[in-house]
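Tertiary structure, described
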Amino acid sequence: ILLRVALPVVMPGLIVATILGFIFSWNYFLFALVLSGISSKTAIVASFNFIGEGVTNWGTLMAAATVIALPPIGLTFLIQRRLVSGLSFGAVKG
């Protein structure tokens, strides 16, 4: 009963929670900045090095931001079909 009734109904919510949890943990800058050392940095903290005192390397910073944004966007596109089908499944009256 759990696999055939409850899981299909709850699946869109689980998918959304997974995507949001991944995005929030991927973009958590302050926690990674405080706890990372010199030899181990996350991509978000490493991209912060492109911002200087008086000058900002905008081209490199935007390239790093694009590369950093690719995994959450890819995950969303990968799961989009199941997410849309789950949202429309609850809206149709049968």
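It should be noted that the structure appears before, not after, this text.
Let me begin by describing the structure that accompanies this report.

Quick notes on the rules
Residues numbered from 1 in each chain as written. Predicted model: local features only at pLDDT ≥ 70, side-chain atom pairs only at ≥ 80, totals over all residues. Heavy atoms only, no water. Helix = DSSP H or I, 4+ residues; strand = E, 2+ residues; numbered from the N terminus. Buried < 20%, exposed > 50% of the residue type's maximum accessible area, 1.4 Å probe, protein only. Areas by Shrake-Rupley, 256 points an atom, 1.4 Å probe, with all protein chains shown as cover. Patch = residues over 30% accessible without salt bridge, like charges linked within 9 Å, V, L, I, M, F, W, Y side chains within 5 Å. Salt bridge = Lys/Arg side-chain N within 4 Å of Asp/Glu carboxyl O. Expected span 1.5 Å × (residues − 1). Bend = angle between axes of the 7 residues up to and from the residue.

As for the overall build of the protein
Tallying secondary structure elements over the protein gives four helices and zero strands in all. Along the chain direction, N to C, the helices and strands of the protein fall in the order α-α-α-α. Expressed as a percentage of its 94 residues, the buried residues of the protein come to 16%. Accessible area of the protein: about 7400 Å², with a carbon and sulfur share of 73%.

Section: a nonpolar patch on the surface
Among the surface-exposed residues, Tyr28, Leu30, Phe31, Leu33, Val34, Leu35, Phe48 and Ile51 lie close enough to one another that they form a single nonpolar patch of about 840 Å² accessible area. Assignment of secondary structure puts Phe31 in helix H2 (residues 29-35). Exposure remark for Phe31: the relative accessible area of 52% places this residue in the exposed category.

Details of helix H1 (residues 2-26)
Helix length check: H1 (25 residues) gives 32 Å between terminal C-alpha atoms against 36 Å at 1.5 Å per residue, more than 12% under. Met11 marks the point of greatest bend in H1, at about 45°, and the proline Pro12 comes within the next four residues. Residues of H1 that are buried include every one of Pro12, Ile15 and Ile19, and no others.

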